[in-house]
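As a plain string of letters, each chain reads:
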Amino acid sequence: MSNSDFLKIAVCDDELSQRRQLQFLIEKLMPEAQVELFESGETFISQFRPGIYDLIFMDILMPGMGGVDATSKIRSVDSSVPIAFATASQDHAMDGYKNRVIRYLMKPFNPTEVGEVLELALQMKGNQGGVTLRINGKDMTFAYEKICYAEQNSHTIFLHMANGAVLQLTGKLDDVEAQTPDDSFMRCHKSYLVNLAHVKTIDKDLQIFVMKDGDSVHIRRESLREASRMLTEYALK
């Protein structure tokens, strides 16, 4: 099975029974799916990074951080991950429109509607732009959002992924850079190409990007000003 044939899904709902029901439906409709459950918006946002999930089911009404606020925070760093609102009312239609959710699911969940959301997310995953690389003799395509940064050491490229994996291949960083969009990826050093979506901040004294997962990516001294400008512009998109 290729990495485009299944979905990694997050379900965020404060009610255990609702989380379990949705998990049951997803696993019945798509047995190969990976499902992670979260009981609050705060818990989910604290660990969210772009590229980890292919689909998010978000309950709107939760104590503390509700689904609308959580979705706004997701959209501030990830403009493309498919999000479906789960709700007992349609009072938040405008919030869904502003945050570009793909579907409203009314509770109790309808299996047909859940299946339609899964199929839509699978189609969207297949249509994502990405980087195609040859690894172990096989061409593989990785969505931009799933790449944190790429590092070159001699003739070896290390691709650091959002899920924590580090992929190793032979090649040139120039070839990876040529496939990435200029507004979200930066060649900040001869040996590093960084995805700004995964950057937390810049440490100008150490001349590094501090990544959201805790890693550090070097910035050449003469590129510090440009790095700061690009990160600011990306955050305002």
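Residues numbered from 1 in each chain as written. Predicted model: local features only at pLDDT ≥ 70, side-chain atom pairs only at ≥ 80, totals over all residues. Heavy atoms only, no water.

Helix and strand counts for the protein chain come out as seven helices and 15 strands. In terms of overall dimensions, the protein chain is globule-like: its C-alpha atoms have a radius of gyration of 19 Å, near the 18 Å expected for 237 residues. Evaluated residue by residue, the protein chain yields a buried proportion of 47% over its 237 residues. The contacts in the protein chain between residues at least 6 apart in sequence include a share of 52% that link residues at least 24 apart. Split by element, the accessible area of the protein chain, about 12,100 Å² in all, is 49% carbon and sulfur. (Helix = DSSP H or I, 4+ residues; strand = E, 2+ residues; numbered from the N terminus. Rg over C-alpha atoms; globule rule 2.2 N^0.38 Å. Buried < 20%, exposed > 50% of the residue type's maximum accessible area, 1.4 Å probe, protein only. Contact = heavy atoms within 4.5 Å. Areas by Shrake-Rupley, 256 points an atom, 1.4 Å probe, with all protein chains shown as cover.)

Our focus in this paragraph is the sheet that holds strand 10 (residues 166-170). With antiparallel pairing, the five strands of this open sheet are ordered in space as 10-9-8-12-11. Because the sheet does not close on itself, it has two edges, and the strands there are strand 10 and strand 11 (185-189). Averaged over all adjacent pairs, the angle separating strand axes in this sheet is 20°, with direction ignored. Bridge analysis of strand 11 against strand 12 (residues 192-195) gives three bridges, and the strand direction is antiparallel. The residue of strand 12 that forms the bridge with M186 is V194. (Pairing = 2+ DSSP bridges. Axes fitted to C-alpha atoms, helices over the stretch in contact; angles between N-to-C directions.)

Attention now goes to the packing of aromatic side chains. All chains considered together, the criterion is met by seven aromatic pairs. Here the aromatic rings of F38 and F44 are separated by 5.0 Å at their centres, their planes lie at 70°, and the arrangement is edge-to-face. As far as burial versus exposure is concerned, F38 and F44 are alike and both buried. Between F38 and Y53, the ring centres sit 6.4 Å apart and the planes meet at 85°, which makes this aromatic pair edge-to-face. (Phe/Tyr/Trp six-rings, centres within 6.5 Å; stacked < 30°, edge-to-face > 60°.)

Attention now goes to unusual backbone geometry. Residues apart from glycine generally show negative phi values, whereas peptide bonds are mostly found in trans. Following K107, the chain continues to P108 via a peptide bond in cis, the omega torsion being -5°. For P108, the position within the fold is in the loop between strand 5 (103-106) and helix 5 (111-127). For S154, which is not glycine, the phi dihedral falls at a positive 60°. Counting through the fold element by element, S154 comes out in the loop between strand 8 (147-153) and strand 9 (156-161). The class for S154 is exposed, based on a relative accessible area of 57%. Its identity is not glycine, yet Q207 carries a phi of approximately 60°, on the positive side. Structurally, Q207 can be placed in the loop between strand 13 (199-203) and strand 14 (208-211).

Within this model, the second largest pocket holds a volume of roughly 270 Å³. Looking at the second largest pocket, it is lined by 16 residues, and the ones nearest its centre are V77, D78, S79, Y234 and K237. Per-element tally for the lining of the second largest pocket: the top contributor is helix 3 (residues 67-77), with three residues. The residue inventory of the lining of the second largest pocket, partitioned by class, reads seven nonpolar, five polar and four charged. (1 Å grid on protein atoms, 1.4 Å probe; cavity = no way out; pocket = protein on both sides within 12 Å on 5 of 7 lines; lining within 4 Å. Points joined across faces, edges and corners; volume = space filled by probe spheres on them. Nonpolar A, V, L, I, M, F, W, Y, C, P; charged D, E, K, R; others polar.)

Looking at the protein chain, the pLDDT average stands at 89 and 93% of residues meet or exceed 70. Least confident of the elements in the protein chain is helix 4 (residues 93-98), whose mean pLDDT is 60; most confident is strand 12, at 98. (pLDDT = per-residue confidence, 0-100.)

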